[in-house]
Amino acid sequence: MVSIHNQNKERINLLRDALYDIEPARLPRQLGEVFAADCEIHLATPLEDLTGPAELFDQVYAPLLHAIPDLERRDFIVMAGHSPGQWSGDWVGCGGHYMGVFEQPWLDIPPTRHLVSMRYHEFFRFVDGAIVEMQALWDIPSLMMQARAWPLSPSLAPNWSAIPGPASGDGFIEATHDPEQAAASVKLVMDMLKALRNSPQGVAAMELDRYWHPQMMWYGPAGIGVIRRVLGFRNWHQTPFLKAMPDRFAFLEKGVMFGDGEFVGFTAWPGGQSTLSGDGWLGIPPTGKKLTRRSLDFWRCENGLIRENWVLVDLLHIYAQLGVDVFERMRELTIARQARPMAV
C-alpha cells in the first residue's frame, strides 16, 4: 500500500510543476487544484497572512511574476511525514530556489536586469489530498543583497544566493515512507536541539560534537550567512546569538517536526522567543525587547550525525518587531534607482 506521505508528495508535484513552467493565465486554476479554498497561508514579512489560493496568486505570485516574468521554481528537497505537535498532521516540506531575470521592482526592491535566485522553505499540511495550511519563508534579504539594496549591517559569514542542495543528491525522497527510519532521524535532531537548551552552562554543555558531523554545513539566511564546521557555527552565529539573547527559547514541542528517510523538517509560527538583552547580534543594540522568531529548517543525517542544515529565519520580522522599517531604509538607500520620481 502506498503511504499517505507518498501520496501527498505526488499531490505537491502539481504545485511544483505549475511553478516550474509557469503560465500566468493558468496558474490561479492550478493553485486551486491543490490548495483548499480556505487554506491558511503564513508567509515572511512583509507578505504575512493570507487565506486561500486566490489571495496567494493576487497578492504574491502575480506581483512576483510581473517583476520576474520568467520565474521558475527549482526544488532541492521534497520530503513528507507526520508531526504530532501543536500542528499535528501530515506535512510536506519543500526547499529550493525561485529564479529568473529580475526586470521590474518587487516590494520596491530595484531590479537588476540579471538572473537572481531567492531561496524558499515551504511547509504544507495536507488533509484529504488538499493543502489546508502553508507556512513558508522566502529569503527576501538575499534578493535585496543581489540588487545592492541591503540597507543594514553586513553578516558575519558569507552570503550565498544559490544555496546548494544535499551533498548526497537524494533530496527528492521517492522511496516508500519508512516510519522507523524517520523516527530515528527525528530523534537525533530533537536530541541535538534539546542539548542546545544547556546553553546557560556554556557552549561545551551543548555537546555539539556529539551530534554534528566534523564537516557539517549550516546554510543560514542572507544576513547571517553560510557556515562550515562546529567551530564556524560557534564563532559566526551561536556565540553572538547567545550573547545577545541568553534567554532564547525554541518551541520544539509545539512546532511541526517530521522525518522522511535521513531528512528532518521543522516549522512553527512562531518557532521561538527571546529577549534582546545583549549586544553584538546583527549589529542591533540591546533594546530589552522580547521577540518571537520564525525559523524553518531542514536537516540531513548521515551515519548517526547531522551533516547538513538548511535554515531560514525571518530577519525582516525581527527588525519589524524592533520598529525598524527595513523597506523604508532600503527605499532611501536606492532612491536614485526607484521607479517613482525623487522629491523636489
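Rules used throughout
Residues numbered from 1 in each chain as written. Predicted model: local features only at pLDDT ≥ 70, side-chain atom pairs only at ≥ 80, totals over all residues. Heavy atoms only, no water. Helix = DSSP H or I, 4+ residues; strand = E, 2+ residues; numbered from the N terminus. Buried < 20%, exposed > 50% of the residue type's maximum accessible area, 1.4 Å probe, protein only. Contact = heavy atoms within 4.5 Å. Core = buried A, V, L, I, M, F, W, Y, C linked by side-chain atoms within 4.5 Å. Pairing = 2+ DSSP bridges. Axes fitted to C-alpha atoms, helices over the stretch in contact; angles between N-to-C directions. Salt bridge = Lys/Arg side-chain N within 4 Å of Asp/Glu carboxyl O. Parallel < 35°, antiparallel > 145°, perpendicular 65-115°, else oblique. Left-handed = near helix turned anticlockwise from the far one by under 90°. Phe/Tyr/Trp six-rings, centres within 6.5 Å; stacked < 30°, edge-to-face > 60°. Polar contact = N/O pair within 3.5 Å; in protein donor to acceptor, adjacent residues only side chain to side chain. Disulfide = S-S within 2.5 Å.

1. Remarks on the overall build of the chain
Tallying secondary structure elements over the chain gives nine helices and 15 strands in all. The principal-axis extent of the C-alpha atoms belonging to the chain is close to 60 × 50 × 30 Å. Counting all 344 residues of the chain, 58% fall into the buried class. In the chain, 67% of the contacts between residues at least 6 apart in sequence involve partners at least 24 apart.

2. Section: the nonpolar core
Among the nonpolar cores identified, the biggest contains 115 residues, and Phe35, Trp138, Trp212, Trp281 and Trp299 are the most heavily contacted of them. Contact partners of Trp212, with chain neighbours within four places excluded, come to Met192, Trp218, Val230, Trp299, Leu305, Ile306 and Asn309.

3. Details of the sheet that holds strand S11 (residues 263-267)
Taken in spatial order, the six strands line up as S8-S7-S15-S14-S11-S10 in an open sheet, and their pairing is mixed. One side of each edge strand has no neighbouring strand; the edge strands of this open sheet are strand S8 (226-228) and strand S10 (256-260). Sheet twist, expressed as the mean angle between neighbouring strand axes with direction ignored, is 15°. Where helix H5 (residues 179-195) meets the sheet, it contacts strand S7 (212-219), S10, S11, strand S14 (295-302) and strand S15 (305-313), and its direction lies at approximately 135° from that of S10.

4. What about the pattern of salt bridges?
For the structure shown, the criterion picks out 17 salt bridges. Its salt-bridge partner being Arg16, residue Asp75 comes within 2.9 Å of it at the nearest N-O pair. Pair noted here: Asp75 is in strand S3 (residues 72-83) and Arg16 is in helix H1 (residues 4-18), with a separation of 59 residues, a long-range link. For the pair Asp75 and Arg16, a shared accessibility class is recorded, and that class is buried. Overlapping salt bridges, with partners in common, bring together Arg16, Arg73, Asp75 and Glu122 in one network.

5. As for the packing of helix H2 (residues 27-34) against helix H3 (residues 52-67)
It is the contact of H2 with H3, at a shortest axis distance of 10 Å, that shows an interaxial angle of 140°. When the axes of H2 and H3 are compared, the pair comes out oblique. Crossing geometry of H2 relative to H3 is assigned as right-handed. In contact with Leu27, Pro28, Leu31 and Gly32 of H2, H3 contributes Pro53, Phe57, Tyr61 and Leu65.

6. Some remarks on the packing of aromatic side chains
For the structure shown, the criterion picks out 15 aromatic pairs. Measuring from ring centre to ring centre gives 6.3 Å for Phe35 and Phe124, while their planes differ by 70°; the resulting arrangement is edge-to-face. Highlighted residues: Phe35 in strand S1 (residues 35-42) and Phe124 in strand S5 (residues 115-127), separated in sequence by 89 residues. Taking the relative accessible area as the measure of exposure, Phe35 reaches 4% and is therefore buried. Plain terms: the ring middles of Tyr98 and Trp138 are 5.0 Å apart, the flat faces sit at 55° to each other, and that makes the pair tilted. With a gap of 40 residues between them, Tyr98 in strand S4 (residues 89-101) and Trp138 in strand S6 (residues 130-138) connect regions that are remote in the sequence.

7. Examining the sheet that holds strand S2 (residues 49-51)
The strand order across the open sheet formed by six strands is S2-S1-S6-S5-S4-S3, and the pairing between neighbours is mixed. Of all the strands in the sheet, the pair left with one neighbour each is S2 and S3. Across the sheet, the axes of successive neighbouring strands diverge by a mean angle of 20°, strand direction being ignored. Bridging between S5 and S6 involves eight bridges; their strand directions are antiparallel. Each residue of the ladder has a partner; that of His121, found in S6, is Leu137. Where H2 meets the sheet, it contacts S1, S5 and S6, and its direction lies at approximately 90° from that of S1.

8. Points about the side chain of Ser3
Here Ser3 is to be found in the segment before H1. Among the polar contacts listed, one links the side chain of Ser3 to the side chain of Asn6, at a separation of 2.6 Å.

9. Details of unusual backbone geometry
Looking along the chain, the bond that leaves Thr45 and enters Pro46 is cis, with omega of 10°. Relative to the helices and strands, Pro46 resides in the loop between S1 and S2. Here the bond from Trp269 into Pro270 is cis, since omega is 5°, no more than 30 degrees from zero. Secondary-structure assignment places Pro270 in the loop between S11 and strand S12 (272-275). You will see that Leu107, though not glycine, has its phi angle at about 55°, which is positive. Residue placement: Leu107 occurs in the loop between S4 and S5.

10. Some words on the state of the cysteines
Under the definition given, this model contains zero disulfides. Among the cysteines around Cys39, which has no disulfide bond, Cys94 carries the closest sulfur, lying 14 Å off. Accessibility expressed as a relative area gives 0% for Cys39, which makes it buried. Counting only cysteine sulfurs, Cys94 is the nearest neighbor of Cys301, a cysteine outside any disulfide, at a range of 19 Å.

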